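Observations on chain architecture
Take a look at the letters that make up each chain.
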Amino acid sequence: MNLNATLIIQIVVFLTFVWFTKSFVWPPIVKALDERAKKIADGLAAADKAKADLANAEKKSVEELRAARESAAELRSGAEKQAAKLVEDARAEANRIVAAAREAATNEAAAAAQKAKDALRDQVAQLAVAGAERILRREINAQVHADLLANLKQELS
Amino acid sequence: MASGTELATEVAHHGPTPGEYIAHHLTFLNNSGEPQKDLINWGLVNIDTLFYSILLGALGLFVLWRAASRATSGVPGRFQAAVEILVEMVADQAKGLIHSEESRRTVAPLALIVFVWIFLMNAMDFLPLDLLPRIWEGIYASAGHDPHHAYMRVVPTADINATMGMSIAVLLVCLFYNVKIKGLGGWAHELISAPFGDKLILAPFNFAMNIIEFLAKTVSHGMRLFGNMFAGELIFMLIALMGAAWTGANTPSFLLAFGHIVAGFAWAVFHILVVALQAFIFMMLTLVYIGQAHEGH
């Protein structure tokens, strides 16, 4: 319990130690701590941002997928429509060709029938003339009655 | 504590009596080479106290400085992490008690070195009680001096000069901040107006109250640490006496030696708590007192 000058020296030593700590020990450590805290905060913020970005990307990909599916369906339905149209067109064309062919055949048949009719008429007229000639061989002169025979043939047609 | 020292100087041929042993261990090595007789003598300096306190303070500062000079904001090593835990602990306490950011830049390092330094000085109690004094005795004797005058105390905080020196330094810091924060006039006004009220008739009482408060704070601050460490050291000495009573292979000697081991172990374990706790309390009170200097009554 005896006091002496140690006390005074101890005060000086104490204040010197405080000065040293304040100048050389405390600032670097606190700086490192603060910097690390900032780094961690930044890292956490970056992680949050990455998470948000990921969520956005996921949403976007779902949307894209849906759009792709939609456009594929659209394409398919378009193709189907076109195919149906092609078939329809082909069918119409075929019908048209068949109709044309039928018409041509009909015309041909009609022409042939006409021709046959004409030929038949000629023959009938000749037969009639021949018959009449036979009957009227003496009375009727073919040259004299040629007009008459032509009229007759006309009338038969 | 100076009572037995006269005897100690006379005992040369046989072992010291318990009183001599304790008195010898409680005497400081000062520049006169003799035990201090007066209560106050400004001509004397306790060389052992200064040697160990400066050595330990420098050691603590060196370790902290090593950590600080290699501090990285990246992944810290174990050593850096340990120092950081300490720094964070002090910084948190300082933040809670001192609200001025600017003051904290000085006061927090102050609290850190107070804690580290006092912890190290207290921890000197863990060394075997006679280890360093016995080595010193050998050196002193080989230098041709009387080994009974080879005084050595290794726990600086068991010296009231060291603890009061620190508490007075804290008081000086408190006065500095009182003036810095409140201004000389503001602080002077506070001294005569608080705690009873701002009336002229109350001024002397207020002033007396404040002076008593400063005195009480400072004395209790220093005496608390000194008392704890002095008592702890004294109990180690008393425990050591049990083993020192060895008289040969007989039952009382064995029982006393056994008691020495058990009590020494128990007290050392308990002292781990005391060492850390007293260092922490001194640091906290330092922060509290400096914090009070920042606030008006």
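This structure is a prediction, so every number in the text was calculated from the model and none was measured.

This brings us to helix α9 (residues 251-294) of chain B. All names here are of chain B. Along its 44 residues, α9 runs 63 Å from first to last C-alpha, staying within 8% of the 64 Å computed at 1.5 Å per residue. At H271, α9 shows its largest kink, close to 25°. Residues of α9 that are buried include every one of H271, V275, Q278, A279, F282, M283, T286, L287, Y289, I290 and A293, and no others. Check the buried side of α9 and you find it contacts α4 (78-97), α5 (101-123), α7 (160-193) and α8 (203-244).

The next thing to look at is the confidence of the model for chain B. If pLDDT is low for a region, its predicted coordinates should not be looked at in detail. Residues and elements named next belong to chain B. On average, chain B scores 89 in pLDDT, and the residues at 70 or more come to 95%. This stretch, residues 1-13, has a pLDDT under 50; its non-local contacts, to residues over four places away or in other chains, come to 25 contacts. Prediction confidence for the complex, expressed as pTM and ipTM, is 0.76 and 0.87 respectively.

All right, on to the packing of α7 of chain B against α9 of chain B then. Residue and element names in this part refer to chain B. Packing of α7 against α9 leaves a shortest axis separation of 8 Å and a crossing angle of 20°. By the angle class used here, α7 and α9 are roughly parallel. Regarding α7 and α9, the two cross each other, and that crossing is right-handed. Mapping the contact onto sequence places V170, V173, C174, Y177, N178 and I181 in α7 and T286, Y289, I290, A293 and H294 in α9. Residues that form the contact of α7 with α9 fall into these classes: 8 nonpolar, 3 polar and no charged.

Quick look at unusual backbone geometry now. Cis geometry is adopted by the peptide bond preceding P195 of chain B, which originates at A194 of chain B and carries an omega value of 0°. Here P195 of chain B lies in the loop between α7 and α8.

What counts, and at which threshold
Residue indices follow the written sequence of each chain, beginning from 1 at its first position. Chains and ligands are labelled sequentially in the order written, the chains with letters from A and the ligands with numbers from 1. Given that this is a predicted model, residues contribute local features only at a pLDDT of at least 70 and side-chain atom pairs are listed and counted only at 80 or more, while totals for whole chains, interfaces and linings are drawn from all residues. Under the scheme used here, helices are H or I runs from DSSP no shorter than 4 residues and strands are E runs no shorter than 2 residues, and both carry numbers assigned from the N terminus. Working rule for helices: expected span equals 1.5 Å times residues minus one. We define the bend at each residue as the angle formed by axes fitted to the 7 residues ending at it and the 7 residues starting at it. Note on burial: count the other C-beta atoms lying within 10 Å of the residue's C-beta; 20 or more is buried, 12 or fewer is exposed, in between is partly exposed, and C-beta positions come from the backbone. Placing a C-beta atom from the backbone of each residue, one calls two residues in contact when those atoms lie within 7 Å. A score between 0 and 100, pLDDT records how confident the predictor is in each residue. All axes are obtained by fitting lines to C-alpha atoms, using only the stretch in contact for helices, and the reported angles, taken between N-to-C directions, cover 0 to 180 degrees. Note on terminology: angles under 35 degrees are roughly parallel, angles over 145 are roughly antiparallel, angles of 65 to 115 are roughly perpendicular, and the others are oblique. In a left-handed crossing the near helix is turned counterclockwise from the far helix by less than a right angle, and in a right-handed crossing that turn is clockwise. Lys, Arg, Asp and Glu make up the charged group, whereas Ala, Val, Leu, Ile, Met, Phe, Trp, Tyr, Cys and Pro make up the nonpolar group; the residues left over, Gly among them, are polar.

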